Amino acid sequence: MGSEDSYFRECINCGYQRGFHVYFKEIKDGKARLGLICPSCGQSYDIGWLTADIGEFEPKKEKVYEDH
Ligand SMILES: [Zn+2]
């Protein structure tokens, strides 16, 4: 408290403030880049974030968290 919070949650393009969707873009050597997409205007952001090794792009479904 008191100091300015440093986080990125507001879209620079449209000002939407409720956070972002994520995307994964496969690059090479089994790595993927993780980026953010504004759910309001669709602007995507590269935050320079690389994932650990990903063997293949086949997502497995996990638990569904219900909304209540
Ligand atoms: Zn936006």
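Look above for the structure.
On a predicted model such as this, the values are computed, not experimentally measured, just so you know. (Residues numbered from 1 in each chain as written. Predicted model: local features only at pLDDT ≥ 70, side-chain atom pairs only at ≥ 80, totals over all residues.)

Asks: Tell me about the overall build of the protein, and please be specific about residues and values.
Replies: The secondary structure content of the protein amounts to zero helices and three strands. Shown N-terminal to C-terminal, the secondary structure of the protein runs as helices and strands in the order β-β-β. The C-alpha radius of gyration of the protein comes to 15 Å, more than 25% above the 11 Å expected for a compact globule of 68 residues. The C-alpha extent of the protein, read off along each of the three principal axes, is 40 × 35 × 30 Å. Relative to its 68 residues, the protein shows a buried fraction of 4%. (Helix = DSSP H or I, 4+ residues; strand = E, 2+ residues; numbered from the N terminus. Rg over C-alpha atoms; globule rule 2.2 N^0.38 Å. Buried ≥ 20, exposed ≤ 12 C-beta atoms within 10 Å, placed from the backbone.)

Asks: An account of the sheet that holds strand 1 (residues 21–26) is needed here, citing residue identities and associated values.
Replies: The antiparallel open sheet is built from three strands, whose spatial order is 1-2-3. In this open sheet, the two edge strands, each paired with only one partner strand, are strand 1 and strand 3 (44–50). The mean inter-strand angle of the sheet, taken between neighbouring strand axes irrespective of direction, is 30°. Where strand 1 meets strand 2 (residues 32–37), six bridges bridge the pair, whose relative direction is antiparallel. Counted as the bridge partner of H21 is I37 from strand 2. (Pairing = 2+ DSSP bridges. Axes fitted to C-alpha atoms, helices over the stretch in contact; angles between N-to-C directions.)

Asks: Could you give me a rundown of the pairing of strand 2, with the residues and numbers involved?
Replies: Hairpin geometry of strand 1 and strand 2 is characterised by an intervening segment of five residues between the two adjacent antiparallel strands and by a positive phi of about 55° at D29. By the bridge criterion, five bridges tie strand 2 to strand 3 in an arrangement that is antiparallel. For L36, the partnering residue across the bridge sits in strand 3 and is Y45.

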